[in-house]
Amino acid sequence: MRAFSHLLDRLILTPQRNGKLRLLKDYFTTTPDPERGLALAVITGQLNLPSAKPAMLRDLIQSRMDPVLFALSYDYVGDLAETISLAWPEKASPDLPNSDLHLSDIVETLVKTSRRETPALVEAWLDRSDSSVRYALLKLLTGGLRVGVSARLAKTALAQLGEHDVDEIEEIWHGLEPPYETLFAWVEGTGPRPENDNPAPFRPAMLAHPIQDDDFTKLDAGDFGAEFKWDGIRVQASAGLALDGTLKRALYSRTGEDIARAFPDLMEALDADMTIDGELLVLIEGRVQPFNVLQQRLNRKTVSAKMMRAYPAHIRAYDLLVEKGTDLRAQPFSERRKRLEQAVASLATSRIDISPLVNFDTWDAVAAARQTPADHGAGVDADAVEGLMLKRWDSAYVPGRPKGPWFKWKRDPLSVDAVLMYAQRGHGKRSSFYSDYTFGVWRDEELVPVGKAYFGFTDDELKEIDRFVRNNTINRFGPVREVTHSQEVGLVLEVAFEGLNRSTRHKSGVAMRFPRIARLRWDKPPAEADRLESLEALLPREDRV
Amino acid sequence: MRFDDWLHPTPKGLYCPPGDFYIDPVKPVARALITHGHADHARPGHTSVLASQQTLDIMALRYGEGHAEHTQDIAYGVQQTIGDVSVSFHPAGHVLGSAQIAVNYKGKRIVASGDYKRADDPTCLSFEPVPCDVFITEATFALPVFRHPDDRQEIQKLLTSVAQFPERAHLVGAYALGKAQRVIALLREAGYDETIFIHGAMQKLCDYYQSQGVDLGPLAPATLEKGKKGNFAGAIVVGPPSAFADKWARRFPDPIAAFASGWMQVRQRAKQRGVELPLILSDHCDWDELLATIREIDPEEVWITHGREDALTRWCELNNYTARPLSLVGYEEEAE
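Residues numbered from 1 in each chain as written. Chains lettered and ligands numbered in written order. Predicted model: local features only at pLDDT ≥ 70, side-chain atom pairs only at ≥ 80, totals over all residues. Heavy atoms only, no water.

Regarding helix H7 (residues 103-111) of chain A
Residues and elements named next belong to chain A.
- Along H7, the residues classified as buried are Leu103, Ser104, Ile106, Val107 and Leu110. Considered in projection along H7, the buried side chains sweep an arc of 165° and stay on one side of the axis.
- If you follow the buried residues of H7, they end up packed against helix H1 (2-13), helix H3 (35-43), helix H8 (118-127) and helix H9 (131-142). (Buried < 20%, exposed > 50% of the residue type's maximum accessible area, 1.4 Å probe, protein only. Helix = DSSP H or I, 4+ residues; strand = E, 2+ residues; numbered from the N terminus. Arc of directions from axis to C-beta. Contact = heavy atoms within 4.5 Å.)

Written out as structure tokens, the structure is:
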């Protein structure tokens, strides 16, 4: 537990991906089974431990400590688990076992402990831990480590232990259980590749590269099929027959996270032995809803009947990976597409439909479809088209992002001229640079923040902005600086973004998707930056006031 | 006669009428007694200063020889009469030369401990408890959440990270007087014998510590020949915390920001400052040390200055000590 708690302490404060990978790999290398496998399960969210309520923890500490002193401490630290881990008054008793607590002890004991016995158990654990272990333990018990490591990143670290590709791990992941001893043995080269006996496993997704202008001259339009790229969430709906003949179903995100529990409506519709690659959308009266409507259904553990009625989930199918136990991924796209059309047609549901192909014979015709999707098959749903996907008819379905078989051709990004308002220092290589920017647009006479961006600029541009920030600071809030942003003086940034939604969280009432700095407009006086009204005009029709 | 008739806070600092002097005054005064060399306690411009020889040396290094009209040094444990009172200085364990000041008047004694710590420190003498009627204690880390871990364990965290990320420079933010030298001395104690690079602002103080017999091993200025960032890969660089937010830090390859401070105990605080590797190393008492010190000295009254007075006052009430917060202004909470 000590090694695990030190790992968490470091991960919380390590912003860089490579730094996190190094820390995880070192931990996996130096920690024995089953401890490391349980740690992996905790980080990837695969352990469902009976949780402890904050009120119980509060009672525990107040039985040992003056409530006024506790309140002063909590007020200062701001986080319950951290306050308790730091302030916990250890009993100065020499007969307490000084040995390290193991994750495996905790997991095994918790599973067989009744809720009534939990407080005494937790108290005993807190007594035999130091503050770092107490913190890890309390975060484990209250759920939510928040160390900034995705399941995908943890699996990537594991893959790198044995120079494997992370997709090889994804392929077998959903058939394995903590503490993953066979998986560790395989990546370390001491055991065979574990078999995946999950009848509805995740197959790592195939991704596309953005198409470049000069690609068109090298490619033959006749070799490609084209389809719309819908503005939803890429998912994989997987169903397969278990040994007992029942149909097991799952819904995976692009990164292999199982999200089926939040979509019972879709799972019911997926009533045949097949694995579909498609886009998760919300459809109301046959029309695709904007992304922020879909968001109501995302990031939930469960879903109410009311929710499902208000926001009916839908899959628009792109590809067919497996059908009746036959893996089709090595087949050409043309063949998979044919079988997809038949397979979707055979389903007795309107919740799963097929994404239509775009008819074309020249690249110019494709360009026209991208420009005006409404006239090329998208009809009233044209607002929900993010761009086009171009897929070679002869392409096999391979995990990852191979160069050549698939391209994405997005619609031109939206852009706005905004004024830099606040800047924050970055991390790692950027730790001495102001590299995170909050920008705003005009509403009447004042600027309202509309978003934050921290990439899109070149290294040279970063230096220029940094110099501007340092020379024009008017206020400091910890690592954040407010810079001059008057009508006359200020820095105008051309910000590109993918879409715009209503947001109650921002003062401006709008939220950008995927904003990045496209250009620095040193030439433009701040007074000429865009106004909020021009941004509001870009909102999906339903969201306009 | 009440204690605060002969020692009490004023806007200029803690004043003793029968001796007509101030302790650690924040404004220029005729006669100042100074506990230690940190800038918020030792200021230039007094007419006469009484302090330990090392504190006087440090003041001269920082402000020049002419920082006061007259200076007089006093050895630890020696009684000196000033007006109607007698004073003596005793080690405080805070930084090199730091002292508690005991003031005796009509058979009673008040000890102004300045800043102090109880943890072992290879760069200065340990705190010496002095029996007294009133103990004036600092309260920088006076909350039950501040419990400083073993300093050797903290230094080990730094060495582990250096081994784990050998291609990155480790920038250790440390207060230029005391903390920086303690970090370096602890690294040496842990067997680290590579050259340690220091920021220019620390050179004079490090030289002074070495001249006083504190062995800091090989040090070199963290200067850069243009285009040779790789020179600092795997190196440990010690500098004042403010320098790491500055352009100065750009010379290092993909640096890891470490910070040696008692504030690093709270994760959010580390995160807000952009610190990746917090080293919980403090030159102040933690909560347990404050309580142990009060119990050990067992004074009639406890006076509490700069920091979190309310928590320590509360604890004193619960434990039957007469406590009172002294509202002294001008001491920086952040100074660590």
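Some remarks on the packing of helix H2 (residues 53-63) of chain B against helix H5 (residues 203-211) of chain B
Residues and elements named next belong to chain B.
- Interaxial distance between H2 and H5 falls to 10 Å at its minimum, and their mutual angle equals 155°. By the angle between their axes, H2 is roughly antiparallel relative to H5. Crossing of H2 over H5 shows right-handed handedness. From H2, Gln53, Gln54, Asp57, Ile58, Leu61 and Arg62 reach across to H5, where they touch Lys204, Leu205 and Tyr208.
- When grouped by side-chain class, the residues that make up the contact of H2 with H5 number 4 nonpolar, 2 polar and 3 charged. (Axes fitted to C-alpha atoms, helices over the stretch in contact; angles between N-to-C directions. Parallel < 35°, antiparallel > 145°, perpendicular 65-115°, else oblique. Left-handed = near helix turned anticlockwise from the far one by under 90°. Nonpolar A, V, L, I, M, F, W, Y, C, P; charged D, E, K, R; others polar.)

Notes on the interface of chain B and chain A
- Chain B puts 41 residues into the contact, and the matching count from chain A is 40 residues.
- Summed over the three residues of chain B that lose the most area to chain A, namely Arg250, Arg267 and Glu276 of chain B, the buried surface amounts to 22% of that side.
- For the salt bridge of Arg314 of chain B with Asp66 of chain A, the shortest nitrogen-to-oxygen distance reads 2.7 Å.
- Applying the counting rule to chain B against chain A returns 12 residue pairs in polar contact (both at pLDDT 80 or more).
- Those elements that place two or more of their residues in the side of chain B that touches chain A are helix H3 (151-164), helix H6 (267-272), strand S17 (277-279) and helix H8 (309-318) of chain B.
- No other element matches the 6 residues that H6 of chain B contributes to the side of chain B that touches chain A.
- Tallied by class, residues from the side of chain B that touches chain A come to 20 nonpolar, 6 polar and 15 charged. (Buried area = accessible area lost by both parts, 1.4 Å probe. Salt bridge = Lys/Arg side-chain N within 4 Å of Asp/Glu carboxyl O. Polar contact = N/O pair within 3.5 Å; in protein donor to acceptor, adjacent residues only side chain to side chain.)

Looking at a nonpolar patch on the surface
- Together, Tyr454, Phe455 and Phe514 of chain A give the surface a local cluster of nonpolar side chains, amounting to about 320 Å² of exposed area.
- For Phe455 of chain A, a relative accessible area of 33% translates into the label partly exposed. (Patch = residues over 30% accessible without salt bridge, like charges linked within 9 Å, V, L, I, M, F, W, Y side chains within 5 Å. Areas by Shrake-Rupley, 256 points an atom, 1.4 Å probe, with all protein chains shown as cover.)

Brief notes about the domain arrangement of chain A
- Here the domain parsing of chain A yields domain 1 (2-142), domain 2 (209-410) and domain 3 (414-543).
- The straight-line distance from the C-alpha centre of domain 1 of chain A to that of domain 3 of chain A is 40 Å. (Domains from an automatic or database assignment.)

A look at the sheet that holds strand S7 (residues 80-82) of chain B
All names here are of chain B.
- What the 7 strands build is an open sheet, ordered S7-S8-S9-S10-S11-S18-S19; its pairing is mixed. Each edge of the open sheet carries a strand with a single partner, namely S7 and strand S19 (322-325). Across the sheet, the axes of successive neighbouring strands diverge by a mean angle of 25°, strand direction being ignored.
- Where strand S10 (residues 108-112) lies against strand S11 (residues 134-139), 3 bridges are found, and the strand directions are parallel. In the sheet register, Ile110 faces S11, and the bridge partner there is Val134.
- Across the sheet, H8 touches S11, strand S18 (301-307) and S19, and the angle it forms with S18 is around 160°. (Pairing = 2+ DSSP bridges.)

Things to note about the environment of Val480 of chain A
All names here are of chain A.
- Within the secondary structure, Val480 is located in strand S17 (residues 480-483).
- Once the C-alpha coordinates of Val480 and Gln424 are considered, the two residues, 56 residues apart in sequence, prove to be 4.4 Å apart.
- Excluding residues that lie within four positions of it along the chain, Val480 makes contacts with Tyr422, Ala423, Gln424 and Asn475.

What about helix H11 (residues 166-173) of chain A?
Residue and element names in this part refer to chain A.
- For H11, a buried count of 7 out of 8 residues is recorded, marking the element as mostly surrounded by other parts of the structure.
- Listing the buried residues of H11 in full gives Val166, Asp167, Ile169, Glu170, Glu171, Ile172 and Trp173.
- The elements touched by buried residues of H11 are H3, helix H10 (151-161) and helix H12 (181-187).

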